[in-house]
Amino acid sequence: MFVRKTLLSSAAALAVLSGAVAAQAQQASVPVVAVDERTRLSDGIMDAGQAAKGLALEHAVAPPPGFFDPAMIFAPPTTQEEGQALNARIQASPDTFSPLALSNTDMALSGNRLFVGNFNGFNAYDVSSGKPELILSVVCPGGQGDLSVHGDLLFMSVEENRGRVDCGASGAGGAVNAERFRGVRIFDISDLQNPRQVAAVQTCRGSHTHTLVPSSDPNVLYVYNSGTSGVRRAEELSICSSGEPGRNADTALYSIDVIKVPLDRPQDAAIVNRPRIFADENGRIDGLWTGGRIGVTSQETAQTNQCHDITVFPGINRAAGACAGNGIFLDISDPENPKRISDLFDPDMAYWHSATFDNTGDKIVFTDEWSGGIGARCQLEDPATWGANLIATVGGDGKLRGRAFHKLPSAQNASENCVAHNGNLIPVPGRDLMVQAWYQGGISVMDFSDPMKPVEIAYFDRGPLDADRLMVGGSWSAYWFNGRIYSSEIARGVDVLKLVPSDMLSPAEIAAAEAVRMDVINPQTQTRVEWADTPDVAMSYVDQLTRSGADAALMREARAVVDGWRAGSADAATADAVAARLTEAAGARGVSAVDARRMRALAGVFERIG
Amino acid sequence: MPHPLGIALGILSLTAQDPTTPARQDPPASPPIFQPGAPGQPTRTVTAEQAAELARTTYTEADVRFMQHMIVHHAQAVDMVKLLEVRGHSPRVKALGRRIAIGQASEMDLMRGWLQARGQPVEAHDLHAGHGAPAAGGHDAHAGHADHAGHAAAPSETPIMPGMLSPAQMARLAAAEGVEFDRLFLEGMIQHHQGALDMVEELLALPDSAEDTLLSDFVTSVVADQSSEILRMRSLLAEL
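No experiment lies behind these values; they were computed from the predicted model shown.

With that settled, consider the packing of helix H3 (residues 91–117) of chain B against helix H6 (residues 178–204) of chain B. The description of two packed helices rests on the angle between their axes and on the distance between the axes. All names here are of chain B. As a packed pair, H3 and H6 sit with axes 12 Å apart at the nearest point and diverge in direction by 30°. Taken together, the axes of H3 and H6 lie roughly parallel to each other. Helix-helix and strand crossings are classified by hand; for H3 and H6 the assignment is left-handed. Contact residues: Val93, Leu96, Gly97, Ile100 and Gln104 in H3; Asp182, Phe185, Leu186, Met189, His192 and His193 in H6. Counted by class, the contact of H3 with H6 contains 6 nonpolar, 4 polar and 1 charged residues.

To continue, consider empty space enclosed by the protein. Residues and elements named next belong to chain A. Tallied over the full model, the rule gives 11 cavities of 30 Å³ or more. Surrounding the largest cavity, 14 residues form its lining, Tyr439, Gly442, Arg462, Ser475 and Glu489 being those nearest its centre. Elements supplying a minimum of two residues to the lining of the largest cavity: strand S26 (455–462) and strand S28 (484–489). Residue classes in the lining of the largest cavity are distributed as 3 nonpolar, 6 polar and 5 charged.

Further remarks concern H3(B). The α-helix winds at 3.6 residues per turn, so residues separated by three or four positions along the chain end up facing the same way. A rise of 1.5 Å per residue sets the reference length of H3(B), with its 27 residues, at 39 Å; its end C-alpha atoms lie 39 Å apart and thus fit the reference within 8%. Trailing H3(B) by a residue or two, B:Gly119 shows a phi angle of about 65°, which is positive.

We now examine the state of the cysteines. Residues and elements named next belong to chain A. Applying the stated rule across the entire model yields 4 disulfides over all chains. With a sulfur-sulfur separation of 2.1 Å, Cys140 is cross-linked through a disulfide to Cys167. Around the S-S axis, the bridge from Cys140 to Cys167 shows a dihedral of about -75° and counts as left-handed. Taken together, the residues span a long stretch of sequence, with Cys140 in the loop between strand S6 (133–139) and strand S7 (144–150) and Cys167 in the loop between strand S8 (153–158) and strand S9 (183–188) at a distance of 27 residues. This pair shows no difference in class: Cys140 is buried, exactly as Cys167 is. Here Cys307 engages in a disulfide with Cys323; their sulfurs sit 2.1 Å apart. Taking the torsion about the S-S bond as the criterion, the Cys307 to Cys323 disulfide, at about 75°, is right-handed.

It is worth spelling out helix H4 (residues 535–547) of chain A at this point. Residues and elements named next belong to chain A. In this model H4 runs 18 Å from its N-terminal to its C-terminal C-alpha over 13 residues, within 8% of the 18 Å that 1.5 Å per residue would give. Counting buried positions along H4 gives 10 out of 13 residues, so the element sits mostly inside the fold. For H4, the complete set of buried residues consists of Pro535, Val537, Ala538, Met539, Ser540, Tyr541, Val542, Asp543, Gln544 and Leu545. Buried residues along H4 sit against helix H3 (507–514), helix H5 (552–566) and helix H7 (593–609). Two residues or fewer past H4, Gly549 is found with a positive phi of approximately 85°.

The next thing to look at is the pairing of strand S13 (residues 257–262) of chain A. Residue and element names in this part refer to chain A. Burial runs high along S13: 5 of the 6 residues are buried. Relative to strand S14 (residues 270–273), S13 runs antiparallel, the two being bridged by 3 bridges. Its bridge partner lying in S14, Lys260 is registered against Ala270.

This part takes up the sheet that holds strand S10 (residues 196–202) of chain A. Residue and element names in this part refer to chain A. In spatial order, the strands read S7-S8-S9-S10; together these 4 strands make up an open sheet with antiparallel pairing. With one partner strand each, in any of the chains shown, S7 and S10 form the two edges of the open sheet. Shown here is a sheet whose adjacent strand axes are inclined to one another by a mean of 20°, direction ignored.

Residues and elements named next belong to chain A. Partitioning chain A into domains gives domain 1 (10–521) and domain 2 (535–609). With 14 residues of domain 1 in contact, the opposing surface of domain 2 contributes 12 residues. Interface of domain 1 and domain 2: buried area, both sides summed, is about 870 Å²; carbon and sulfur atoms make up 52% of it. A per-residue breakdown of the area domain 1 buries against domain 2 is headed by Pro429, Gly430 and Ala508, which together make up 42% of the total. On the surface where domain 1 and domain 2 come into contact, there are 1 salt bridge. When the shortest N-O distance is used, the salt bridge between Glu509 and Arg547 registers 2.6 Å. Connecting domain 1 to domain 2 are 8 residue pairs in polar contact (both at pLDDT 80 or more). Grouping the amino acids of the side of domain 1 that touches domain 2 by side-chain chemistry returns 7 nonpolar, 3 polar and 4 charged.

Cut-offs applied
Residues numbered from 1 in each chain as written. Chains lettered and ligands numbered in written order. Predicted model: local features only at pLDDT ≥ 70, side-chain atom pairs only at ≥ 80, totals over all residues. Heavy atoms only, no water. Axes fitted to C-alpha atoms, helices over the stretch in contact; angles between N-to-C directions. Helix = DSSP H or I, 4+ residues; strand = E, 2+ residues; numbered from the N terminus. Parallel < 35°, antiparallel > 145°, perpendicular 65-115°, else oblique. Left-handed = near helix turned anticlockwise from the far one by under 90°. Contact = heavy atoms within 4.5 Å. Nonpolar A, V, L, I, M, F, W, Y, C, P; charged D, E, K, R; others polar. 1 Å grid on protein atoms, 1.4 Å probe; cavity = no way out; pocket = protein on both sides within 12 Å on 5 of 7 lines; lining within 4 Å. Points joined across faces, edges and corners; volume = space filled by probe spheres on them. Expected span 1.5 Å × (residues − 1). Disulfide = S-S within 2.5 Å. Buried < 20%, exposed > 50% of the residue type's maximum accessible area, 1.4 Å probe, protein only. Pairing = 2+ DSSP bridges. Domains from an automatic or database assignment. Buried area = accessible area lost by both parts, 1.4 Å probe. Salt bridge = Lys/Arg side-chain N within 4 Å of Asp/Glu carboxyl O. Polar contact = N/O pair within 3.5 Å; in protein donor to acceptor, adjacent residues only side chain to side chain.

Here's what the structure looks like:
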């Protein structure tokens, strides 16, 4: 959520402005934010009004003990007496919690265990029965508590000055404090009755987010750390110094941290590189944005000197960085030395926040966290290109190109913090679907199969926590984890949702997605999904082609083949014949690239069963 | 540890407890809450109350003053955009101005809410005393509005706070039109935004400031937004 020190310079802006304008001009239709059934839902913390399309809420799990203050805003008074008591308490002791101090944050999944980060620690749930059952609570304050999991190790980001090495809360005051911890904590969670902190890797700018990067050595795991806060003093951590590169070539700005974790000795985890991924070809480490070169003003500016989030796709040795002032594309063949391939700027992107690849790595969804997540940025008067997703494509030359914006199409009100936030892919074969959190804008599923025409196909939303006052809440992350969508609700706990069929999504498409299983899911470490040949997968393509108006007779035949297969007797000869016609149709003029891919994929399935 | 809960059970029975422990008094049983120690140090268990207590953050007088001042600071940007709507020229400058006004107005709401929730006055009582504020002795915080200051004498060249436009600057802006207005607006807003960045920097340099989570979050988003808006304004200024 946080952002810090994103001072951009003008030179870079001008340098890339033309490309960015082109991105907008390419968009097939201008996105529109309109009033709909989500706009005027009734407020409430645990009883707000709800609206849903294509999604159904299965479970809503309230925050566990110790992770909410029963007298504070997240547990509203239910009687007048309680209300008066709360008011009296607030008046008497204004030194109360910041609601954010108990916020739920990012999530990861390992086996049947769902891990939910929190500014105050983390919680783990067993989800094998469907309903999340709390199995572990750990307090360790410091925010934001973004986390990842690998085997028995759990990694957690800590960035606030109040964080302490010993997980305590007695504070770490002063400019220099030996007890202060800002960086990546590593917990051993092999024994849920005795979770232990085994390492605490201090970093210069703390840890806002981090990303696990596997290596070819099975005993080594890398962590890319993105720190976005101020640089700490050398007296506190000797490797740190701040300042612009002109004055300090060793500045801790303009880099990320690469942490190497020996898995048999995680206590030895340490920073092994701080690569200058913003450097230009001449070795200027502030190569992406350099201030003053066009002489607009002489004001001192800082530059894109941090990443907010990096998503790696180890299968293709690539990573996408959302790095404050721009999006970048990295080669991570050598994980210790990531190299920038290309970068992208867009004047409508206030703060490049996160990145999500499609399943091939040819497209990247970048998000713009305009105003940092605590502002109401989905109001009717807010432009639909601000605080939105930018769909970018990766060219054969490795260049990123901005194609279209997509924003939650529902106007939210002034008391709902709302902007594009975290999500991941829903593995429906033949389509690029991403489920995404929009804070109090709710959860939205975007189809970006056509990068020029992203469109919403499902949603779930609640009314505001409070109708009159903006209280920060809503979905921090919404992720597809093995058949269900889990949403980490900042104030309300954990929600579990399932896809339900609609005119935009068929039962076969849902079944095909639900059949995909992964052992471990850290959403910032993407893996390519391969679908097995099943009737649901085949029918998904048929449903999609039918929806986009493919030849009706051909689709009828294809449907008959799948129905026969499902009933236990696939008609091999017909399957082969239909496959041939599909292949031919895919090459015909006027067929969209998306549909051509579906036809070839379906033909492939039919050939294999034929 | 008293709770024999184990992951081997797969699905945990929430009533599983040591038989010697009285079950009735407890709320629905949940796993113990752990507070790990530093690496190499043991983990201990804490109660739910202690766990929540660990999240408690405090704020300083400087934090309060920062929020009060920033409200006044932001109000000026909203005023400037009101002028832009009627006197400005370039649609692109107007679009940017609207975005700024939207952002600043909602941040003002957030700051007021933060102060009110902590029982702090929304208005800054120290502004009139220092900084050469024109409405000496006044008790409201409206001195940030240039028109308020400009009735009697010639408007002052001294801003009410560092980082704001002076009453004289605001008067010149209000008198300009067209492209000249756009230029003054952009220059003024860049100065204004830079002022907010300076205010944040000043706050963060103070011991124990901005430790409150919401405040910390707020100042970081102020930096991000205003910085990128400065960038955009410089681009526009170069094209005038």
